[in-house]
Amino acid sequence: MRRAMTIMALVAAAGLVTACGGSGADEKKPAADKGAAVSSKPTVDGLDETDETDEADTADKKDKTYEVVLEVGGSGKSSVYYVLGTNRMEQVSLPWKKSDSITLNSTQRKVGTIVSVAPGPVAQSNGQLAAAPCSITVDGKKVVEDPGGAEGKHLCEFTLH
């Protein structure tokens, strides 16, 4: 019985070695001319594609700075919770505006960084309280706008990449 188990263990081990190993034959690459340079860069019609890829990779690795403006409309006083580099809550007079430059490195750009503003309630023309309107502008372009009131999301949020 012990001998049979030993044989089975050897067969199993041989099977694992065969399954994990390659064909056993070394694959040899053709030798290049001794005077010619060998390039591992892919080419199409003799054009080197990696130059463009390298430039794109370099651009992705650079820091990028965004000019972000958060705005809350309305009148009177209200609380405003915002994320603009850091999280803050302030009691403000409306209309309110906050701007900042945010610089993201390549890793932060891949993951994304959220900027947001959540306005507190303001008195509506009918006397009821509802969320104030808000917006986010990035590099001069309005990227998010919420009309506020009872129908709005009550939050303006955008992810920088």
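Look up a bit, the structure's there.
None of the values given here were measured: they were computed from a predicted structure. Residue positions within a chain follow its written sequence, with the count starting from 1. With the structure being a predicted model, the display of local features is reserved for residues of pLDDT at least 70 and the display and counting of side-chain atom pairs for 80 or more, all residues being used for whole-chain, interface and lining totals. To get the side-chain values, all heavy atoms of the structure are used, and hydrogens and water are removed first.

## Some remarks on the overall build of the protein chain
Now for step 1: Going along the chain from the N terminus, every DSSP run of H or I of four or more residues is numbered as a helix, and every run of E of two or more is numbered as a strand. Helix and strand counts for the protein chain come out as three helices and ten strands.
Now for step 2: Ordering the α and β elements of the protein chain from the N terminus gives α-β-β-α-β-β-α-β-β-β-β-β-β.
Now for step 3: Out of the 161 residues in the protein chain, the part that is buried amounts to 24%.
Now for step 4: Summarising the internal contacts of the protein chain: among those between residues at least 6 apart in sequence, 52% fall at separations of at least 24. For the exposure calls, accessible area comes from a 1.4 Å probe over protein chains only, and a residue counts as buried if that area is under 20% of its type's maximum, exposed if over 50%, partly exposed in between. Any two residues whose heavy atoms approach within 4.5 Å at even a single point are treated as in contact.

## A few points about the pattern of salt bridges
Now for step 1: For this analysis, a salt bridge means a side-chain nitrogen from Lys or Arg found within 4 Å of a carboxyl oxygen belonging to Asp or Glu. Within the structure shown, the criterion is met by two salt bridges.
Now for step 2: The closest approach of N and O atoms between arginine 88 and glutamate 90, which form a salt bridge, is 3.7 Å.
Now for step 3: Judged by relative accessible area, which is 40%, arginine 88 ranks as partly exposed.
Now for step 4: A residue is classified by how much of its surface remains accessible, and glutamate 90, at 21% relative accessible area, is partly exposed.
Now for step 5: Across the pair glutamate 145 and lysine 142 runs a salt bridge, and its minimum N-O distance is 3.9 Å.

## What about the pairing of strand β3 (residues 64-84)?
Now for step 1: Any two strands are treated as partners once DSSP identifies two or more bridges connecting them. Both β3 and strand β4 (residues 86-104) contribute to a ladder of 18 bridges, which runs antiparallel. Each residue of the ladder has a partner; that of leucine 70, found in β4, is lysine 98.
Now for step 2: A loop of one residue connects β3 with β4, the two strands running antiparallel in sequence, and glycine 85 in this loop sits at a positive phi of about 85 degrees.
Now for step 3: Across five bridges, the pairing between β3 and strand β8 (residues 134-138) is antiparallel.

## Examining unusual backbone geometry
Leaving glycine aside, a negative phi is the common case for residues, and trans is the common case for peptide bonds.
Now for step 1: Cis peptide bonds are those with omega within 30 degrees of zero, and the linkage from leucine 94 to proline 95 qualifies with -5 degrees.
Now for step 2: Mapped onto the fold, proline 95 is located in strand β4.
Now for step 3: Look at aspartate 139: it is not a glycine, yet its phi comes out positive at around 50 degrees.

## Describing the packing of aromatic side chains
Now for step 1: Between 30 and 60 degrees the pair is tilted, below 30 it is stacked and above 60 it is edge-to-face, where a pair is any two Phe, Tyr or Trp rings, Trp via its six-membered ring, whose centres lie within 6.5 Å. In this structure the tally under the stated criterion is one aromatic pair.
Now for step 2: Ring plane angle 45 degrees and centroid distance 5.4 Å describe the contact between tyrosine 82 and tryptophan 96, whose orientation is recorded as tilted. Of the two residues, tyrosine 82 sits in strand β3 while tryptophan 96 sits in strand β4, which places them 14 residues apart along the sequence. Here tyrosine 82 matches tryptophan 96 in class, with each residue buried.

## Here we look at the environment of alanine 132
Now for step 1: Inspection of the secondary structure puts alanine 132 in the loop between β7 (129-131) and β8.
Now for step 2: When the C-alpha atoms of alanine 132 and glycine 149 are compared, they prove to be 6.3 Å apart, with 17 residues separating the residues in sequence.
Now for step 3: Setting aside its immediate chain neighbours within four residues, alanine 132 contacts Val72, Gly73, Leu94, Pro119, Gly120, Val122 and Gly148.

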